[in-house]
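Structure assessment
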Amino acid sequence: MQFILSHFYLLLAISFGVASQLIIKWQMSAFSFNDYETWQDKYVLAFSMLLNPYIILSLILTLLAGVTWMIAMTKFEISYAYPFTLLGLVFVTIFFSYL
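Residues numbered from 1 in each chain as written. Predicted model: local features only at pLDDT ≥ 70, side-chain atom pairs only at ≥ 80, totals over all residues. Heavy atoms only, no water.

1. A short note on the packing of helix H1 (residues 2-28) against helix H5 (residues 85-96)
To characterise two packed helices, one gives the angle between the axes of the helices and the distance between these axes. The contact between H1 and H5 brings their axes to 9 Å, and the two run at 35°. In this structure, the crossing between H1 and H5 has a hand that is right-handed. For the pair formed by H1 and H5, the contact residues are Ile14, Val18, Gln21, Leu22 and Lys25 on the first element and Thr85, Leu87, Gly88, Phe91, Val92, Phe95 and Phe96 on the second. Within the contact of H1 with H5, the residues separate by chemical class into 8 nonpolar, 3 polar and 1 charged. (Axes fitted to C-alpha atoms, helices over the stretch in contact; angles between N-to-C directions. Helix = DSSP H or I, 4+ residues; strand = E, 2+ residues; numbered from the N terminus. Left-handed = near helix turned anticlockwise from the far one by under 90°. Contact = heavy atoms within 4.5 Å. Nonpolar A, V, L, I, M, F, W, Y, C, P; charged D, E, K, R; others polar.)

Next comes the structure, spelled out in structure tokens:
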């Protein structure tokens with residue numbers, strides 16, 4: 001049971017990270033900095049994005065990914081756990097094709 005729970009933390013960290021990246025890509029595809037000419041307009045746009053509830057959710061998911069990764073690091077050696085992060089790259093690549 002401990003083996004499964006320990007690996008669950010790795011999977012959770014990867015899942016939170018992938019979900020966060022997918023949400024950011026989905027929300028940011030609606031914006032373009034090229035549409036804004038002055039740096040003030042770009043500054044306002046950048047901070048208005050932070051008020052988007054989906055971006056806030058994405059930031060929370062990123063925080064959760066970091067926390068679960070820290071928990072996973074108490075269970076595994078870095079040399080064992082770090083290769084699992086490649087799963088995140090695979091999942092992001094696969095799921096981005098659907099956005």
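2. Comments concerning the environment of leucine 51
You can see leucine 51 is positioned in the loop between helix H2 (39-49) and helix H3 (53-75). As for leucine 51 and serine 6, which are separated by 45 residues in sequence, their C-alpha atoms are 35 Å apart.

3. Concerning the packing of aromatic side chains
Applying the stated rule across the entire model yields 5 aromatic pairs. Ring plane angle 25° and centroid distance 6.2 Å describe the contact between phenylalanine 91 and phenylalanine 95, whose orientation is recorded as stacked. Taken together, the positions of phenylalanine 91 and phenylalanine 95, both in helix H5 and 4 residues apart, correspond to about one turn of that helix. Relative accessible area serves as the criterion here: at 39%, phenylalanine 95 is assigned to the partly exposed category. An aromatic cluster is present here, built from Phe76, Tyr80 and Phe84 joined pairwise through their rings. (Phe/Tyr/Trp six-rings, centres within 6.5 Å; stacked < 30°, edge-to-face > 60°. Buried < 20%, exposed > 50% of the residue type's maximum accessible area, 1.4 Å probe, protein only.)

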